[in-house]
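Here is what each chain is made of, one letter per residue.
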Amino acid sequence: MRVNLGQNAQLAPPLRTKNMEGAVDIPARVNGSNDSLPKPHIKPDEYAAMHKRSLEQSDEFWRETANKMLAWDVPFKTVQHGSFDEGNIAYFLEGHLNASYNAVDRWAIRDPNQIAIIWEADEPGEDTKITYGELLRRVCQVAGTLRSLGVKKGDLVIIYLPMIPEAAIAMLACARIGAVHSVVFAGFSADSLRDRVQDSSARVVITSDEGKRGGRTIAAKSIVDAALKECPGVEHVLVVKRTGAEDVPWVSGRDMWLEEKMKEQRAYIPPVLMSSEDPLFVLYTSGSTGRPKGIVHTTAGYILCAALTVKDVFDVHAGDKFGCMADIGWITGHTYIVYGPLVLGTTTLIFESTPMYPNPSRYWDVVDKHGLTQFYTAPTSIRLLRRMGTEHVASYKLDTLRVLGTVGEPINPEAWQWYNDNVGRGQCAIVDTYWMTEGGAHMITSLPGAIRAKPGSATVPFWGIEPVILDPHTGKELHDADAEGALVIRKPWPSVARTIMHDQARFMDTYMRAYPGYFFTGDSAARDKDGYIWIKGRVDDVINVSGHRLSTAEIESALGGHPGVAEAAVVGAPDEVTGQSITAFLALKPDYVYESGEALVKELTIQVRRAIGPFATPKRIICVEDLPKTRSGKIVRRVLRKIVCNEADQLGDLSSVSDPSIVDHLKEKYAEATK
Ligand code: WT7
């Protein structure tokens with residue numbers, strides 16, 4: 001076993017907890033002072049020693065935690081194996097367990113009537129609850145259905161579903177029989193779905209007749225049909241009845257209603273014994289090339305960190321009702337709607353609607369109606385609701401809440417303050433949770449009863465995480481207070497992704513070889529004198545729109561598919577609500593004839609929506625004479641980034657740009673477009 005022992009000598013600076021500049025006190029509902037509320041799991045004086053132990057005695061730490069939190073059919077012996085250098089990380093070897101047993105059966109046995117899932121449907125008032133007993137039956141029946149179609153351990157199943165309980169049930173049903181699920185966000189277009197189905201070689205797809213969101217109907221089944229035209233490998237499509245629409249397109253022999261198949265199945269089928277390192281799911285995410293990466297997470301380490309972070313970071317106690325507003329199609333939904341809360345045996349919310357439907361009070365209506373104790377959302381929704389005005393939140397009680405979470409991008413202090421004052425009423429902890437698809441679970445975050453928040457900082461590393469800041473050019477570790485550079489993680493942790501499906505080489509190149517020996521997060525960060533981490537954002541060609549990760553290359557290639565486009569360059573511009581927004585600069589083919597600029601922009605927009613999905617729609621499409629390029633023809637995106645960030649006066653050295661006169665033209669065009 002190799003864990004880079006030589007480098008361990010220098011740990012990050014110790015955490016100071018007193019008199020920290022800008023830090024807020026531990027708020028009333030989580031500081032243990034109120035006897036009618038639970039005492040926090042982690043107390044202020046416990047963090048530093050526990051974190052140190054999780055790094056220095058990591059085997060003991062994870063052995064104890066894994067034995068305490070998970071139910072094992074066969075106990076593990078080896079806690080950790082492998083290294084980032086070799087790209088062969090493994091945890092809890094020789095151990096066997098089943099994720100669906102851990103998430104469902106053990107709680108159904110304890111109390112079948114405990115609520116597992118609260119489903120808040122798109123239309124207010126149409127909510128339903130599912131007990132653990134009922135969840136077990138439905139998971140078994142879907143698992144039995146999949147098995148009846150020949151799905152076996154190791155087979156991959158694509159799930160393309162709106163935010164309905166069946167999405168979670170389908171995931172758990174796969175886990176029960178050892179099938180690997182790959183959920184594709186239902187906002188993805190048919191083309192994107194097709195690419196993912198083809199890459200994964202799935203034989204079975206689970207979808208619904210339609211979806212509902214914000215009062216609108218989404219033709220889920222039609223999108224699947226369009227995608228599958230070029231996926232001859234798919235033999236079966238299981239369709240959930242969400243709206244009961246008439247005339248749902250149907251391919252006989254291939255398509256079947258899930259409910260009908262479930263009725264033929266028994267209420268209980270035993271879970272399949274899985275080894276700790278068997279893959280649990282694949283989730284596609286954007287990288288710096290046009291091709292999405294199928295990130296692979298395995299069973300034991302992932303569900304352990306999922307449940308542990310729900311317990312410690314959201315300070316979940318018996319009787320809590322946990323609400324994560326993300327979509328199941330992203331990693332946040334996987335970890336904090338499905339696996340984390342259920343493996344911990346708590347009650348989780350599945351929210352089908354939007355923060356604006358039918359009005360900007362929807363979130364608060366849901367919090368009060370269900371008595372949510374934790375509420376987790378993205379800065380973009382907080383900023384949006386802040387803009388709508390405090391009157392939409394003021395009349396709600398919100399007194400069941402103890403912990404508020406944010407995720408997806410750095411939260412600006414104004415939004416943090418608004419969340420704290422108007423939703424938390426100054427009494428809730430705010431946890432700014434930094435992590436990523438590849439990390440599986442929270443990596444840097446505050447802990448409600450233990451760590452004083454500083455608005456805008458993700459604060460401190462979670463158990464087992466040792467963040468290191470590197471000089472981005474030399475790769476040398478920066479140990480000074482106020483260091484800023486590339487954020488890497490020194491040692492493996494249980495929920496780190498194991499590989500990219502079919503592409504271990506790309507996995508190694510992207511994460512392990514950027515700074516050899518470390519895991520590269522893709523972000524830059526600063527560490528202040530108190531040891532707090534401040535995330536600055538991505539340093540690769542990934543842009544973050546409303547917490548959705550998009551690859552500039554993917555959008556460029558979508559635009560490049562239009563017959564008029566010679567070249568496209570996409571950059572992220574700062575945006576008050578969505579964090580970043582997509583700005584596309586295009587050079588058209590010189591002889592391309594088009595009706596009007598307006599019509600062309602419309603066509604290009606459709607092009608992107610068709611290739612990726614509506615959430616990737618550029619905010620601005622700007623046609624220019626030429627793009628800034630080096631002599632060898634490489635696009636100098638730095639120039640475009642400066643222009644959209646209104647830093648055109650700081651362009652720096654333009655000697656690499658073959659025709660510097662183009663810069664003025666670009667500035668003019670941008671000013672015109674943003675007038
Ligand atoms: C990227 C990962 C993790 C689930 C949501 C997005 C950014 C995430 C924070 C935060 C600052 C954050 C990073 C990261 N990010 N959380 N609390 N503060 N930035 O998952 O799509 O894999 O994106 O989101 O840039 O690398 P993802």
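Given the structure is predicted, the values throughout are model-derived calculations rather than measurements. (Residues numbered from 1 in each chain as written. Predicted model: local features only at pLDDT ≥ 70, side-chain atom pairs only at ≥ 80, totals over all residues. Heavy atoms only, no water.)

### Some details on the UniProt feature "domain: AMP-binding enzyme C-terminal" (unreviewed entry) in the protein
Then, in step 1: Taking the UniProt record as the reference, the feature "domain: AMP-binding enzyme C-terminal" (unreviewed entry) is found at residues 554–634.
Then, in step 2: In this annotation, residues 554–634 is assigned 27% helix and 32% strand; the end-to-end C-alpha distance for the span is 17 Å. (UniProt positions renumbered as here; feature names shortened; annotations may be inferred. Helix = DSSP H or I, 4+ residues; strand = E, 2+ residues; numbered from the N terminus.)

### Here we look at helix 16 (residues 552–560)
Then, in step 1: Of all 9 residues in helix 16, 7 are buried, a share of seventy percent or more.
Then, in step 2: Within helix 16, the full set of buried residues consists of Thr 552, Ala 553, Glu 554, Ile 555, Glu 556, Ala 558 and Leu 559.
Then, in step 3: Where helix 16 begins, one side-chain oxygen reaches toward the backbone nitrogen of Ala 553, 3.2 Å away; that side chain belongs to Ser 551. (Buried < 20%, exposed > 50% of the residue type's maximum accessible area, 1.4 Å probe, protein only. Polar contact = N/O pair within 3.5 Å; in protein donor to acceptor, adjacent residues only side chain to side chain.)

### Structural notes on the side chain of His 334
Then, in step 1: Here His 334 lies in helix 10 (residues 331–344).
Then, in step 2: Among the residues examined, His 334 registers a relative accessible area of 0% and is labelled buried.
Then, in step 3: A distance of 2.9 Å separates a polar atom in the side chain of His 334 from the backbone oxygen of Ile 328.
Then, in step 4: Setting aside residues no more than four positions away along its own chain, His 334 makes contact with Met 171, His 181, Val 183, Phe 281, Leu 283, Tyr 302, Ile 328, Gly 329, Tyr 339 and Gly 340. (Contact = heavy atoms within 4.5 Å.)

### So, the UniProt feature "domain: AMP-dependent synthetase/ligase" (unreviewed entry) in the protein
Then, in step 1: This chain's UniProt record puts "domain: AMP-dependent synthetase/ligase" (unreviewed entry) on residues 105–493.
Then, in step 2: Within residues 105–493, the helical portion is 32% and the strand portion 22%, while the C-alpha atoms at the span's ends are 27 Å from each other.

### Brief notes about the pairing of strand 7 (residues 180–183)
The side chains of a regular strand alternate between the sheet's two faces.
Then, in step 1: What you see with strand 7 is no split at all: Val 180 and Ser 182 on one side and His 181 and Val 183 on the other are buried throughout.
Then, in step 2: Judged from the 4 bridges that link them, strand 6 (residues 156–160) and strand 7 form a sheet pairing that is parallel. Paired with Ile 159 across the two strands is Val 183, which belongs to strand 7.
Then, in step 3: After leaving strand 6, the chain enters helix 5 (residues 165–177) and then returns to the sheet as strand 7, a path that is right-handed. (Pairing = 2+ DSSP bridges. Right-handed = clockwise from strand over helix to strand, strands pointing away.)

### Some words on the nonpolar core
Then, in step 1: Ranked by size, the top nonpolar core spans 126 residues in total, and within it Trp 62, Phe 92, Leu 135, Leu 146, Ile 328 and Tyr 339 carry the most contacts.
Then, in step 2: Two domains each donate at least three residues to this core, and these are domain 1 (28–98 + 278–461 + 468–538) and domain 2 (134–272).
Then, in step 3: Residues contacting Ile 328, with those up to four places away along its chain left out, are Met 163, Ala 167, Ala 168, Met 171, Val 183, Gly 333, His 334, Ile 337, Val 338 and Ile 350.
Then, in step 4: Within the second largest apolar cluster, 47 residues are counted, among which are Ala 190, Leu 228, Met 501 and Ile 555. (Core = buried A, V, L, I, M, F, W, Y, C linked by side-chain atoms within 4.5 Å. Domains from an automatic or database assignment.)

### Details of unusual backbone geometry
For residues other than glycine, phi is negative in most cases, and the peptide bonds are mostly trans.
Then, in step 1: For the peptide bond that leads from Tyr 357 to Pro 358, omega is -5°, which places it in the cis range.
Then, in step 2: Tracing the chain through its elements places Pro 358 in the loop between strand 17 (347–351) and helix 11 (362–370).
Then, in step 3: Positioned with a positive phi, Phe 92 is a non-glycine residue whose angle comes to about 60°.
Then, in step 4: Structurally, Phe 92 is set in strand 2 (residues 90–93).
Then, in step 5: With phi around 50°, Asp 315 is a residue other than glycine that occupies positive phi space.

### Side note on the packing of aromatic side chains
Then, in step 1: Inspection of the entire model under this criterion finds 35 aromatic pairs.
Then, in step 2: Geometrically, the ring pair formed by Phe 462 and Trp 463 is tilted, given 5.3 Å between the ring centres and 35° between the ring planes. Accessibility classification places Phe 462 together with Trp 463 in one group, the buried group.
Then, in step 3: Ring geometry for Tyr 511 against Phe 519: centres 5.5 Å apart, planes inclined by 5°, an arrangement best described as stacked.
Then, in step 4: A relative accessible area of 3% means that Tyr 511 is categorised as buried.
Then, in step 5: Overall, Phe 519 belongs to the buried group, its relative accessible area being 0%.
Then, in step 6: Ring-pair connections join several aromatic residues into one group, and the members of that group are Tyr 47, Phe 61, Trp 62, Phe 462 and Trp 463. (Phe/Tyr/Trp six-rings, centres within 6.5 Å; stacked < 30°, edge-to-face > 60°.)

### Considering the sheet that holds strand 24 (residues 519–527)
Then, in step 1: Here we have 4 strands laid out as an open sheet, ordered 21-22-24-25, and antiparallel in their pairing. Both outer strands of the open sheet, strand 21 (467–470) and strand 25 (533–538), are each paired with one neighbouring strand and no more. Taking each pair of neighbouring strands and ignoring which way they run, the sheet shows an average axis angle of 45°.
Then, in step 2: Bridge count between strand 22 (residues 483–489) and strand 24: 6 bridges; the pairing is antiparallel. Considered in strand 24, the bridge of Ala 483 is made with Arg 527. (Axes fitted to C-alpha atoms, helices over the stretch in contact; angles between N-to-C directions.)

### Some details on the packing of helix 2 (residues 58–69) against helix 9 (residues 299–313)
Then, in step 1: Where helix 2 contacts helix 9, the axes come no closer than 10 Å and their chain directions differ by 85°. By the angle class used here, helix 2 and helix 9 are roughly perpendicular. Contacts between helix 2 and helix 9 involve Trp 62, Thr 65, Ala 66 and Met 69 from the former and Leu 304, Cys 305, Ala 307, Leu 308 and Lys 311 from the latter.
Then, in step 2: Of the residues belonging to the contact of helix 2 with helix 9, the class tally is 7 nonpolar, 1 polar and 1 charged. (Parallel < 35°, antiparallel > 145°, perpendicular 65-115°, else oblique. Nonpolar A, V, L, I, M, F, W, Y, C, P; charged D, E, K, R; others polar.)

### Focus: the domain arrangement of the protein
Then, in step 1: Looking at the protein, the domain boundaries give domain 1 (28–98 + 278–461 + 468–538), domain 2 (134–272) and domain 3 (545–673).
Then, in step 2: On a C-alpha basis, the centroid separation for the pair domain 1 and domain 2 is 28 Å.
Then, in step 3: Each partner contributes to the roughly 2,600 Å² buried at the junction of domain 1 and domain 2, and carbon and sulfur atoms together form 62% of this total.
Then, in step 4: On the domain 1 side of the contact with domain 2, Asn 98, Tyr 284 and Glu 352 bury the most area, a combined 26% of that side's loss. (Buried area = accessible area lost by both parts, 1.4 Å probe.)

### Thoughts on the site of the ligand
Then, in step 1: Among the 17 residues in the neighbourhood of the ligand, the closest are listed as Asp 432, Thr 437, Asp 523, Arg 538 and Arg 549.
Then, in step 2: Between Arg 538 and the ligand, the recorded distance is 2.7 Å, taken from a side-chain N or O atom to an oxygen atom.
Then, in step 3: Across the complex, the protein chains shield 95% of the 550 Å² of accessible surface that the ligand would expose by itself.
Then, in step 4: Secondary-structure elements contributing two or more residues to the shell around the ligand are helix 10, strand 20 (429–433) and strand 25.
Then, in step 5: A breakdown of the residues in the shell around the ligand according to their chemical character gives 7 nonpolar, 5 polar and 5 charged. (Near = heavy atom within 4 Å. Areas by Shrake-Rupley, 256 points an atom, 1.4 Å probe, with all protein chains shown as cover.)

### A few points about the environment of Gln 57
Then, in step 1: With respect to the helices and strands, Gln 57 occurs in the loop between helix 1 (47–56) and helix 2.
Then, in step 2: A residue is classified by how much of its surface remains accessible, and Gln 57, at 40% relative accessible area, is partly exposed.
Then, in step 3: For Gln 57 and Gly 464, which are 407 residues apart along the polypeptide, the C-alpha to C-alpha distance reads 9.6 Å.

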